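Reading the structure
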Amino acid sequence: MGFGGYVVRRLLLVVPTLIGVTIISFALTHLLPGNPALVKAGPLATPEVVQEIERSMGLDRPLPVQYWRYVSGLLHGDLGESASTGRPVLEDFRQRIPATLELTLASLLVAVGIGVPLGVLSAVHRDSVLDHVSRVLGVGGVAMPSFWTGLLLLYVFFYLLGVAPPPLGRLAADVTPPPRLTGLTVLDAALAGHGGALLSALHHLMLPALTLGFAVMAPLTRMVRATMLEILESDYVKAAWAAGLPRRRVVYGDALRNALIPVITVLGVIFGFLMAGNVVVEMVYAWPGLGHYAVTALVTKDPGPIQSFVLFVAVMYVFVNLAVDLLYGLADPRIRLR
Amino acid sequence: MTALLSVRDLSVQFVTDDGVVEALDTVSFDVRAGEILGVVGESGSGKSVTALAMLRLIRPPGHIVGGAVRFDGVDLLTVSEEQMRAVRGRSISMVFQSPRTALNPVLTVGRQIARLFALHQRASAPEAWRRALEMLALVGIADPERRARQYAHQLSGGMCQRVMIAMALATAPRLLIADEPTTGLDVSIAAQVLELLRDLGRRTGAAIVLITHDLAVVAEVCDRVTVMHAGQLVEMADVRTLFARPLHPYTQALVRSIPRIDQDVTLEPIPGTVPSMLAPPPGCRYADRCPRVLDVCRRARPALLGAGPEHEVACYAVEQDVGVTVR
Amino acid sequence: MHWRRLTANRLSFASLCALLVVVAAALLAPWVAPYDPDETDAAAALSSVSLHHLLGTDLYGRDQLSRLVHAARVDLLVALSATAMALGLGSTLGALAGYRGGWVDQLLMRAVDAVMAFPAFILAMGVTAALGNSTANVVAAIAITHVPIYTRLIRGEMLKVREMEYAEAARTVGNRPRQIVLVHLFPNCVPPLVVQATLAMGFAILTVAALSFIGLGIQPPQSEWGQMTAEGAGYVVSGEWWLVLFPGLAIMATVLAFNLIGDTLRDVLDPRMRGVR
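Basis of the calculations
- The residue numbers shown here count from 1 along each chain, following its written sequence.
- For naming, the first written chain is A and the first written ligand is 1, with later ones following in the order written.
- Only residues with pLDDT of at least 70 get local features here, since the model is predicted, and only at 80 or more are side-chain atom pairs given and counted; chain-wide, interface and lining totals rely on the full set of residues.
- Each helix is a run of DSSP H or I of at least 4 residues and each strand a run of E of at least 2, with the numbering of both proceeding from the N terminus.
- Remark: C-beta atoms are placed from the backbone, and a residue is labelled buried if 20 or more other C-beta atoms sit within 10 Å of its own, exposed if 12 or fewer do, or partly exposed between those counts.
- By the criterion used throughout, residues are in contact when their C-beta atoms, derived from the backbone, lie within 7 Å.
- Three classes are used: nonpolar for Ala, Val, Leu, Ile, Met, Phe, Trp, Tyr, Cys and Pro, charged for Asp, Glu, Lys and Arg, and polar for all others, with Gly counted as polar.
- Here, any two strands with at least 2 DSSP bridges between them count as paired.
- Here, axes are lines fitted to C-alpha atoms. For helices the fit covers the stretch in contact, and angles between N-to-C directions go from 0 to 180 degrees.
- Directions pointing from the helix axis toward each C-beta atom define the arc.
- Under this scheme an angle from 65 to 115 degrees is roughly perpendicular, one under 35 degrees roughly parallel, and one over 145 degrees roughly antiparallel; angles in between are oblique.
- Helix crossings get a hand from a simple test, with the near helix turned counterclockwise from the far one by less than a right angle marking a left-handed crossing and a clockwise turn marking a right-handed one.
- Expected span of a helix: the number of residues minus one, times 1.5 Å.
- Residue-level confidence of the predictor is what pLDDT reports, using numbers from 0 through 100.

With that settled, the discussion passes to the overall build of chain C. Along chain C, the regular secondary structure elements total nine helices and zero strands. Counting across all 277 residues of chain C, residues that qualify as buried make up 48%.

The subject of this paragraph is the overall build of chain A. Scanning chain A from N- to C-terminus turns up 14 helices and zero strands. The order of helices and strands in chain A, counted from the N terminus, is α-α-α-α-α-α-α-α-α-α-α-α-α-α. Seen through its principal axes, chain A has C-alpha atoms that stretch 85 × 55 × 40 Å. The buried share of chain A, reckoned over its 338 residues, is 43%. Put simply, 69% of the contacts in chain A that link residues at least 6 apart link residues at least 24 apart.

On to the interface of chain A and chain B, then. Every contact between the two is made by 18 residues of chain A and, on the other side, 23 residues of chain B. Counting only elements with at least two residues in the side of chain A that touches chain B, the list comes to α10 (235–242), α11 (247–285) and α14 (333–336) of chain A. Counting residues per element, the side of chain A that touches chain B draws most heavily on α10(A), which supplies seven residues. Each residue belonging to the side of chain A that touches chain B can be placed in one class, and the counts come to 10 nonpolar, three polar and five charged.

Moving on, we come to the sheet that holds strand β4 (residues 62–71) of chain B. Within a sheet, neighbouring strands are paired by backbone hydrogen bonds and run either parallel or antiparallel to one another. Residues and elements named next belong to chain B. If you walk across this open sheet you meet the four strands as β2-β1-β4-β5, and the pairing is antiparallel. Since the sheet does not close on itself, it has two edges, and those belong to β2 (19–31) and β5 (74–75), each with one partner. Pairing of β4 with β5, which is carried by two bridges, proceeds in the antiparallel orientation. Within β5, the residue paired with R70 across the bridge is D75. Strands β1 (5–16), β2 and β4 of the sheet are contacted by helix α1 (residues 47–54), whose axis makes an angle of about 70° with β2.

Taken together, the 41 residues of chain C in the interface contact 45 residues of chain A. Breaking the side of chain C that touches chain A down by element, the ones donating at least two residues are α4 (102–116), α5 (120–131), α7 (177–213), α8 (225–236) and α9 (242–269) of chain C. By residue class, the composition of the side of chain C that touches chain A is 29 nonpolar, 10 polar and two charged.

The subject of this paragraph is helix α8 (residues 185–192) of chain A. Think of an α-helix as turning once every 3.6 residues; residues three or four places apart then point the same way. All names here are of chain A. Listed in full, the buried residues belonging to α8 are T185, V186, D188 and A189. For α8, the angular spread of buried residues about the axis comes to 165°, placing them on one side. Where α8 ends, the next residue or the one after it, G193, has phi of about 75°, a positive value.

Residue and element names in this part refer to chain B. Interaxial distance between helix α3 (residues 109–121) and helix α6 (residues 157–169) falls to 9 Å at its minimum, and their mutual angle equals 15°. In terms of axis orientation, α3 runs roughly parallel to α6. Considering how the two elements wind past one another, α3 and α6 form a crossing that is right-handed. Of the residues in α6, those touching α3 at V109, Q112, I113 and L116 are V163, A166 and M167. Residue composition of the contact of α3 with α6, by class: six nonpolar, one polar and no charged.

As a further point, take the sheet that holds strand β6 (residues 92–95) of chain B. Residues and elements named next belong to chain B. As summarised here, the arrangement of the eight strands in space is β6-β7-β8-β3-β9-β10-β12-β11, forming an open sheet in which the pairing is mixed. If you trace the sheet from one side to the other, it starts and ends with β6 and β11 (305–308), each paired once. Geometrically, the sheet is characterised by an average inter-axis angle of 20° between neighbouring strands, direction not taken into account.

Let us now look at the pairing of strand β10 (residues 232–238) of chain B. Residue and element names in this part refer to chain B. Counting buried residues in β10 gives six out of seven residues, a clear majority hidden from the surface. When strand β9 (residues 224–229) meets β10, the two strands line up antiparallel, connected through six bridges. Opposite T226, over in β10, you have M236 as the bridge partner. What sits between β9 and β10 in their antiparallel hairpin is a turn of two residues, with A230 showing a positive phi close to 50°. Of the strand pairs in this sheet, β10 and strand β12 (residues 311–313) are connected by three bridges, and their pairing is antiparallel.

Two elements in contact, helix α6 (residues 129–143) of chain A and α9(C), have axes whose closest approach is 8 Å; the angle formed by their N-to-C orientations is 120°. Considering the angle they form, α6(A) stands oblique to α9(C). You can see that α6(A) and α9(C) cross each other, and the crossing is right-handed. The segment α6(A) lies against α9(C), with V139(A), G140(A), V142(A) and A143(A) engaging M252(C), V255(C), L256(C) and N259(C). Class assignment of the residues belonging to the contact of α6(A) with α9(C) gives a composition of six nonpolar, two polar and no charged.

Okay, helix α4 (residues 125–138) of chain B next. Residue and element names in this part refer to chain B. Taking 1.5 Å of rise per residue, the 14 residues of α4 would be expected to cover 20 Å, and the 20 Å separating its terminal C-alpha atoms lies within 8% of that figure. When we look at burial in α4, the residues that qualify are A128, W129, A132, M135 and L136. All buried residues of α4 fall inside an arc of 115° around its axis, so they share one side. Of the surrounding elements, those touching the buried residues of α4 are α3, α5 (144–148) and α6.

Here we come to the environment of S48(C). Residue and element names in this part refer to chain C. Within the secondary structure, S48 is located in the loop between α2 (29–32) and α3 (64–100). Take S48: there are 13 C-beta atoms within 10 Å of it, and that puts it in the partly exposed class. The spatial distance from the C-alpha of S48 to the C-alpha of G156 is 53 Å, given a sequence separation of 108 residues. Beyond its immediate sequence surroundings of up to four residues, S48 is in contact with G56 and W242.

Once that is clear, we can look at unusual backbone geometry. Cis geometry is found at the peptide bond from P60(B) to P61(B), where omega equals 10°. Residue position: P61(B) is located in the loop between α1 and β4. One non-glycine residue with positive phi stands out, namely A286(A), at about 50°. On the secondary structure map, A286(A) appears in the loop between α11 and α12 (290–299). Judged by local crowding, A286(A) falls into the partly exposed class, with 14 C-beta atoms found within 10 Å. Despite not being glycine, D143(B) has its phi angle at roughly 55°, a positive value. Following the sequence through the fold, D143(B) ends up in the loop between α4 and α5.

If you trace the backbone, R202(B) turns up in helix α7 (residues 187–204). It is 15 Å that separates the C-alpha atoms of R202(B) and A178(B), two residues lying 24 residues apart in sequence.

To continue, consider the environment of G232(C). Assignment of secondary structure puts G232(C) in helix α8. With near-sequence residues (within four places) excluded, G232(C) lies in contact with L243(C) and V244(C).

Looking now at the pairing of β1(B). Residues and elements named next belong to chain B. As paired strands, β1 and β4 are joined by eight bridges and run antiparallel to one another. From the neighbouring strand, S11 faces β4, where its bridge partner is G66. Sheet topology note: the β1/β2 ladder contains nine bridges and is antiparallel. Opposite S6, over in β2, you have D30 as the bridge partner. Hairpin connection from β1 to β2: two residues lie between these consecutive antiparallel strands.

Bringing the confidence of the model for chain C into the picture now. Of the residues in chain C, 87% have a pLDDT of 70 or more, and the chain-wide mean is 83. Scored as a whole, the predicted complex attains pTM 0.83, and scored at its interfaces, ipTM 0.88.

Structure below.
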């Protein structure tokens with residue numbers, strides 16, 4: 001009953017948070033300068049027509065009613081329309097999500113794949129050259145704006161070394177895209193057996209994933225290192241060693257296993273940074289994802305997509321944190337069995 | 001009688017930001033087969049460091065800087081790490097204080113015992129599990145099948161300590177080092193744990209080094225006692241002699257500070273605190289707190305000399321009493 | 001063995017110096033800058049680092065060093081205003097929540113939770129997009145995302161103080177509880193507030209730079225480091241590196257300085273917050 005209670009309590013917390021998120025999102029959409037009815041009506045509309053449109057959009061109703069309409073709209077998947085593409089925002093989202101997902105997953109892979117081992121090795125070989133270098137990178141990395149990292153990487157690897165492709169999208173212009181199954185170009189190319197497309201997709205994914213992965217790596221590495229150090233000082237590590245277990249097994253088995261559990265909680269925070277970084281990195285590399293879509297829409301005076309994007313990210317963030325908390329509860333027997 | 005384990009001139013240092021801490025200063029004692037040897041002293045006296053050093057568990061910034069730990073005729077301080085690993089947990093094992101934190105929180109207790117069998121005796125998984133259950137029953141844990149599948153946080157402090165003892169005795173070691181096994185436990189639970197240790201020691205023939213700051217524990221179960229102060233060994237005797245006729249001023253003060261139910265004596269706390277072992281002065285480290293301090297005490301360390309059968313003490317004042325010329 | 005402490009101090013000393021240089025450059029921009037930042041010079045367009053133009057020029061021949069120095073004003077001003085606003089508003093709300101308790105506290109805490117449910121940068125994007133692209137709106141957007149931290153901090157301290165207050169009231173006839181609260185509250189709050197605010201300056205600069213980079217917030221002709229980087233972004237692929245390197249370097253150096261100083265302050269002022277070294 002203990003863990004069940006934990007799950008229920010955690011699930012219940014989601015509801016007020018989501019309500020709060022929709023309220024803020026509603027406030028943001030209603031803060032938009034100008035009268036949306038005017039925009040919809042067009043410059044030649046008469047005041048009566050504008051009023052008519054206002055009524056049909058429900059703009060003359062009291063705020064709570066408008067909020068209710070907004071939320072019910074959301075629940076039906078109505079995220080408004082994009083003035084620039086002319087399509088429902090939801091549809092545009094559906095088309096763009098895979099690109100963002102691909103970038104996010106690849107960056108997560110980079111961040112975890114490099115960040116976690118780096119943190120572990122830093123802790124195990126404390127005060128070594130590796131440790132100092134990783135700490136310097138950590139402190140420095142946090143201060144580097146991700147767009148700058150991306151541009152510098154582009155300069156070095158594209159302009160100077162020529163090993164990276166130009167920042168024009170997910171595939172080289174002369175490569176036929178694979179049939180769209182998941183929308184993740186790398187996966188689709190692999191599934192379809194298109195070697196050329198697979199290589200091109202990976203080639204194009206390389207720099208963006210490195211940029212974003214590096215941008216979010218620092219907090220992860222720092223936390224892994226701190227947790228690992230704490231655990232290496234703990235009594236049970238000493239006891240395991242005293243019982244004759246080889247040091248390597250104690251460190252990379254017992255200690256690491258314990259250290260990875262609190263690291264799960266950091267993943268939730270990392271996701272927030274990833275989403276924020278996504279927007280910037282997509283702009284740097286012209287990566288056709290959600291962030292790119294929302295920002296370019298804004299530049300063309302189309303305000304809908306960006307607010308929908310903000311809401312979408314927040315909702316995702318809430319659920320990712322929920323998943324992280326539940327995962328943590330499962331992984332730690334102290335929570336699972338109490 | 002040849003000793004099971006013999007510690008000679010063991011010295012340990014810790015390198016800190018503020019300087020070098022001399023945690024152990026040429027400590028020497030023997031552990032005999034089958035006996036229960038108590039190591040007693042205030043916190044900071046180096047008791048735990050001695051235990052860790054015996055199993056070569058001292059890690060930087062700590063270093064064993066001198067001495068020998070002879071076990072089975074071999075100096076453990078000179079063997080390879082691999083050979084040392086074969087000794088740890090098998091011939092010599094250790095029980096730590098604060099039992100709950102000494103158990104891995106994410107492994108079942110059964111697994112933690114079982115894997116020792118797999119490690120030291122190459123037992124198969126089901127065989128190791130079966131023997132783990134046996135050990136749990138041996139240390140007096142009811143319903144071992146259920147308990148083995150539980151985690152440390154689901155067991156009481158006393159039960160955790162029993163699990164620790166089970167882990168330590170799993171491979172029938174010849175020497176068990178118990179570092180403050182009863183600290184933090186209820187008095188009644190502590191008594192049970194001590195009883196268990198003594199009982200198992202007798203049954204398996206293992207010698208036990210019992211480290212504690214509590215003289216009552218020592219009086220209860222130990223055969224012989226060594227007294228430590230600030231990293232130096234000051235007195236060693238069999239338990240009765242130590243309590244009846246303590247010779248070293250520090251031991252005397254310790255004994256005097258025990259509340260006694262049969263006498264109406266004022267409790268006398270020992271003045272001062274354990275001196276800092278950061279660049280300590282030469283000579284006896286009890287000098288500043290000692291009521292019988294002599295000039296020579298501050299200049300040179302007194303040697304551990306015999307003062308009777310099963311009684312050794314390192315003190316110039318005691319030498320003087322007996323008529324040995326003190327330089 | 002004291003060298004480790006000295007190095008730490010040397011590092012933060014260096015950071016402080018670096019920061020002072022940046023602030024000085026910003027304050028004295030009109031006098032320090034070798035050129036007028038808006039002055040164009042078609043002949044010198046897109047020229048690299050040289051004696052005439054220490055940091056090169058852009059498409060219009062504008063001197064990058066001058067622009068950089070003027071942009072420092074904007075970045076620092078935005079960061080300072082946003083942090084000050086957030087500090088003021090957040091502390092007030094936190095004190096209110098902690099002092100009043102009850103439904104006021106609940107409401108404020110739910111609001112704080114809702115704000116924190118958004119990744120900070122994403123929310124800043126949303127607010128700036130909603131309010132419109134202006135410096136003031138960017139300041140407001142960043143401030144909003146920072147308010148929750150201070151609110152929670154002050155509320156925590158306030159709750160602690162309230163407990164003490166009850167104890168005191170039990171002894172004395174409790175008059176002027178507000179006085180007691182303020183006397184006890186401030187000393188405890190100042191250290192963590194100072195540390196947070198210093199670190200927040202770094203975040204604020206990164207946020208305004210990123211917002212401007214993607215086109216939100218600071219608009220030309222005002223120059224800002226992120227915006228300058230955006231202007232130079234298109235030229236990286238053709239090898240004009242100086243347009244991107246220097247503004248980004250300025251951002252990194254300033255943020256790094258704030259972070260290092262903040263970390264040192266944390267070690268000095270609030271040992272409880274000290275992490276593992």
